[in-house]
Each structure stands twice: as structure tokens, then as C-alpha cells.
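# Geometric and topological summary
So you can see what is in the structure, the chains are spelled out below.
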Amino acid sequence: MERRHTGSSIDSMTIADSSSRTGDGSKATPFLFAWVVSVIATCGSLFFSEIMHFEPCKLCWLQRICMYPLTVILGYAAFKEDRKYAQTAYPLSIVGFGVVLYHYGRWHKSAVFLSFPS
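Before going into details, it helps to say that this report is about the structure given with it. (Residues numbered from 1 in each chain as written. Predicted model: local features only at pLDDT ≥ 70, side-chain atom pairs only at ≥ 80, totals over all residues. Heavy atoms only, no water.)

What follows deals with the side chain of Ser38. Locating Ser38 in the fold gives a position in helix H1 (residues 29-51). Within the local environment of Ser38, its side chain forms a polar contact with the backbone oxygen of Trp35, the two atoms lying 2.8 Å apart. If we skip the residues at most four places from it in the chain, Ser38 touches Met67, Leu70, Thr71 and Leu74. (Helix = DSSP H or I, 4+ residues; strand = E, 2+ residues; numbered from the N terminus. Polar contact = N/O pair within 3.5 Å; in protein donor to acceptor, adjacent residues only side chain to side chain. Contact = heavy atoms within 4.5 Å.)

Here it is, written out as C-alpha cells:
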């Protein structure tokens, strides 16, 4: 489905429906970016624990439990351009973000997080 934009100097520009495939891989770009971020985070956490021998705390382990599967889920979604499969990453991301907020508040004792028990 195509629509033409009228009423300005770009009358000849054709705007394709957002659900149509453009052929330039633009549907996979957000998933590819998220996958690259998850790979970097996974490699970084493994580097610090396995090579630098930093022992992660319990909250770090909870964050890793939420992060490591994202590497597989988002990688598959990016390369297969499967938006439905990528939606399974949302619960892990939300839970992981909650753990991050609690972890940050617990260690930095900022005014926003003073209500968290130590």
C-alpha cells in the first residue's frame, strides 16, 4: 500500500506503508543493534569474571541470568527478521532493568533509592 504526500514541495515523494518490506534490511536494524549490545555486555561480563577474576555478587548474577539469553534471542530475531520472536526479549529486559535499578540504588545510596534495604 502506498500513499502520496501532497501539499508541500515533496509532492513526488512516495511514502511506503510501514508494514511493507523495503529491501534494505531496515526491519532488522533495531534487533541487530540490540543484539550487538547484548553480545558486548555478555563478553564484558565474562571478561571481568573469567579473565580478570572478579567475583560477581548475587545481584550481578541475576543481571547475567537476564542478559545471557538475550544474546541468542536477539541474534535469532535479527538474522531471521522475526519481530514475534524478538518480543520474548521484553520480559527479560524489564526484569533485568529492575535488577539494575535495585543494584544501582543499593550500591550508590542515591537519594532516590534511600528506601531500599542494604
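Judged by side-chain polarity, Phe47, Phe48, Ile51, Met52 and Phe54 come together as a nonpolar surface patch covering roughly 500 Å² of accessible area. Turning to its location among the elements, Ile51 is positioned in helix H1. (Patch = residues over 30% accessible without salt bridge, like charges linked within 9 Å, V, L, I, M, F, W, Y side chains within 5 Å. Areas by Shrake-Rupley, 256 points an atom, 1.4 Å probe, with all protein chains shown as cover. Salt bridge = Lys/Arg side-chain N within 4 Å of Asp/Glu carboxyl O.)

What follows covers the packing of helix H2 (residues 58-80) against helix H4 (residues 89-108). Helix packing for two helices is described by the angle between their axes and how far apart those axes are. Contact geometry for H2 and H4: axes closest at 9 Å, N-to-C directions at 150 degrees. Between H2 and H4, the angle falls in the class roughly antiparallel. The element H2 and its partner H4 pack so that their crossing is left-handed. Seen from H2, the contacting residues are Leu59, Cys60, Leu62, Gln63, Cys66, Pro69, Leu70, Ile73 and Leu74; seen from H4, they are Ala89, Leu92, Ser93, Val95, Gly96, Val99, Val100, Tyr102, His103 and Arg106. For the contact of H2 with H4, a count of residues per class yields 14 nonpolar, four polar and one charged. (Axes fitted to C-alpha atoms, helices over the stretch in contact; angles between N-to-C directions. Parallel < 35°, antiparallel > 145°, perpendicular 65-115°, else oblique. Left-handed = near helix turned anticlockwise from the far one by under 90°. Nonpolar A, V, L, I, M, F, W, Y, C, P; charged D, E, K, R; others polar.)

Another aspect to go through is the packing of H1 against H2. One way to put it is that H1 packs onto H2 with a least axis distance of 8 Å and a crossing angle of 145 degrees. Handedness of the H1/H2 crossing: left-handed. Seen from H1, the contacting residues are Phe31, Leu32, Ala34, Trp35, Val37, Ser38, Val39, Ala41, Thr42, Ser45, Leu46 and Ser49; seen from H2, they are Arg64, Met67, Tyr68, Leu70, Thr71, Leu74, Gly75, Ala77, Ala78 and Phe79. Here the contact of H1 with H2 is built from residues that sort into 15 nonpolar, six polar and one charged.

Attention now moves to the packing of aromatic side chains. Counted by the stated rule, this structure contains four aromatic pairs. An angle of 75 degrees between the planes, with centres 5.3 Å apart, marks the rings of Trp35 and Phe79 as edge-to-face. Of this pair, Trp35 sits in helix H1 while Phe79 sits in helix H2; the two residues are 44 residues apart in sequence, bridging distant segments of the chain. For Trp35, a relative accessible area of 24% puts it in the partly exposed group. Judged by relative accessible area, which is 58%, Phe79 ranks as exposed. (Phe/Tyr/Trp six-rings, centres within 6.5 Å; stacked < 30°, edge-to-face > 60°. Buried < 20%, exposed > 50% of the residue type's maximum accessible area, 1.4 Å probe, protein only.)

Our next topic: H1. The terminal C-alpha atoms of H1 lie 32 Å apart, and with 23 residues this matches the ideal 33 Å at 1.5 Å per residue to within 8%. Within H1 the residues assigned to the buried category are Phe31, Ser38, Thr42, Ser45 and Ser49. In this structure, the buried side of H1 is in contact with H2 and helix H3 (83-86). Just downstream of H1 lies His53, where phi reads positive at about 60 degrees. (Expected span 1.5 Å × (residues − 1).)

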